[in-house]
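Structure assessment
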Amino acid sequence: MPATALRRSRRPGKHQNLSAAPGPKTPTTPTTKYKVTGIRVLRSEWSKFWTLRSTLITLGVAVFLLVLFGAIASYTYSPDAVATSGPPGPGSSSGDSNAVSLALTGVSFAQLAIGVLGVLLAAGEYSTGMIRSTLAAVPRRLPVLWSKAAVIGPMALVLTTLGALAAFQLGTPGLDGEKIALSLSDDGVLRSLAGAGVYLGLVAIFGVALGVLLRNSAGAIAALVGILLILPGLASLLPDSWYDTLSPYFPSNAGSAVYALHESSDALSPGVGLAVFAGWVALTLAGAAYRLVKTDV
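Residues numbered from 1 in each chain as written. Predicted model: local features only at pLDDT ≥ 70, side-chain atom pairs only at ≥ 80, totals over all residues. Heavy atoms only, no water.

**Focus: the overall build of the protein**
- Within the protein one finds 12 helices and 0 strands.
- When its helices and strands are written in sequence order, the protein yields α-α-α-α-α-α-α-α-α-α-α-α.
- Across the 297 residues in the protein, those meeting the buried criterion constitute 40%.
- At a minimum sequence separation of 6, the contacts of the protein that also span at least 24 residues come to 77%. (Helix = DSSP H or I, 4+ residues; strand = E, 2+ residues; numbered from the N terminus. Buried < 20%, exposed > 50% of the residue type's maximum accessible area, 1.4 Å probe, protein only. Contact = heavy atoms within 4.5 Å.)

As structure tokens, this is what we get:
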């Protein structure tokens with residue numbers, strides 16, 4: 001046979017199958033689909049909260065300031081002093097001072113640290129871009145906001161309440177023999193110390209709401225400081241009749257009424273103060289929720 005014909009006969013035919021026999025199929029492992037639930041979102045936010053580098057530092061600073069300034073105010077108290085240089089609030093004058101108001105002198109400083117932590121927990125994700133991954137995993141979005149508030153609020157409440165108790169106990173020896181000295185068993189003392197913790201817990205949630213609403217850490221922190229510290233001072237420029245009517249309903253003034261030992265004639269009662277400040281927080285949360293749902297990242 002000629003070589004050309006031999007090569008032609010060895011060529012595969014048109015319909016000849018060139019592939020090898022198929023091997024056995026590898027079994028595939030079925031993937032498990034997890035449903036997005038409120039508990040899972042809460043766990044995720046809890047993990048992110050404790051992996052945030054500023055969490056332990058800011059919480060520690062808040063409690064430290066609360067205890068430090070409370071103890072200093074108690075040990076440096078003098079009944080002959082005309083006025084104190086402390087921040088405004090119930091018991092800001094020496095004539096109205098008592099053991100509780102002195103122990104809670106640091107609340108005005110601790111609220112800044114706690115509020116800033118709330119802002120960073122929310123607005124920090126917008127700065128890093130992590131919010132895109134968060135909202136991709138939780139398409140309904142709102143559970144993210146509720147979970148952030150549920151994580152930081154109770155944590156701030158518990159830690160700052162313990163800090164207020166520590167400040168009061170540390171300052172008690174410094175007021176030994178003074179007319180304003182009190183003990184934990186006296187009427188209203190525990191309620192006032194717990195009220196400070198409740199107020200600071202709401203401040204933390206207020207910071208979260210501002211962070212989500214403004215989506216910028218610097219802007220939200222500036223708004224927090226302006227609302228809690230600067231607004232009451234600017235309001236003094238109003239006519240006296242207006243100031244006397246509106247001043248008790250400002251967020252920080254209403255909040256300070258929550259932990260006041262005695263109700264002042266120009267301030268709200270503790271219950272009404274709590275309702276007013278909680279209303280401010282709820283209003284800000286509602287605005288944050290609306291923007292979170294209606295606008296893109």
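**Things to note about the environment of L292**
- With respect to the helices and strands, the residue L292 is situated in helix 12 (residues 270–294).
- A relative accessible area of 3% places L292 in the buried class.
- Taking the C-alpha atoms as reference points, L292 and L213, separated by 79 residues in sequence, lie 7.6 Å from one another.
- Dropping the residues within four chain positions of it, L292 is found in contact with Y126, L135, R141, L142, L145, V212 and R215.

**Description of helix 9 (residues 217–235)**
- With 19 residues, helix 9 extends 26 Å between its outermost C-alpha atoms, agreeing within 8% with the 27 Å of an ideal straight helix rising 1.5 Å per residue.
- Where helix 9 bends most, at I227, the angle is about 45°.
- Turning to helix 9, the residues buried within the fold contact helix 5 (107–128), helix 8 (189–214), helix 10 (240–246), helix 11 (251–258) and helix 12.
- If you check the start of helix 9, you find a side-chain oxygen 3.2 Å away from the backbone N of A218, and it comes from N216. (Expected span 1.5 Å × (residues − 1). Bend = angle between axes of the 7 residues up to and from the residue. Polar contact = N/O pair within 3.5 Å; in protein donor to acceptor, adjacent residues only side chain to side chain.)

**Things to note about the pattern of salt bridges**
- Scanning the model with the defined rule gives 4 salt bridges in all.
- With a closest N to O distance of 2.9 Å, K48 and E45 form a salt bridge. Residue K48 and its partner E45 are both found in helix 2 (residues 38–51); the two are separated by 3 residues, about one turn of the helix.
- Linking K48 and E125 is a salt bridge whose minimum nitrogen-to-oxygen distance equals 3.0 Å. (Salt bridge = Lys/Arg side-chain N within 4 Å of Asp/Glu carboxyl O.)

**Quick look at helix 12**
- Its 25 residues give helix 12 an end-to-end C-alpha distance of 36 Å, which sits within 8% of 36 Å, the value for a rise of 1.5 Å per residue.
- Its buried side turned inward, helix 12 meets helix 5, helix 6 (130–137), helix 7 (142–171), helix 8, helix 9 and helix 11.

**Notes on the nonpolar core**
- With 65 residues, the main nonpolar core has F49, L104, V107, L145, Y199 and F277 as its most contacted residues.
- No other element matches helix 8, which puts 14 residues into this core. (Core = buried A, V, L, I, M, F, W, Y, C linked by side-chain atoms within 4.5 Å.)

**A short note on the packing of aromatic side chains**
- For the structure on display, the rule yields 6 aromatic pairs.
- Centroid distance W46 to W50: 5.7 Å. Interplanar angle 70°. Geometry classified as edge-to-face. Of this pair, W46 and W50 both sit in helix 2, 4 residues apart, roughly one helical turn.
- Residue W46 is classed as partly exposed on the basis of its relative accessible area, which comes to 41%.
- The class for W50 is partly exposed, based on a relative accessible area of 31%.
- Members of the aromatic cluster, joined through ring pairs, are Y199, F206, Y259 and F277. (Phe/Tyr/Trp six-rings, centres within 6.5 Å; stacked < 30°, edge-to-face > 60°.)

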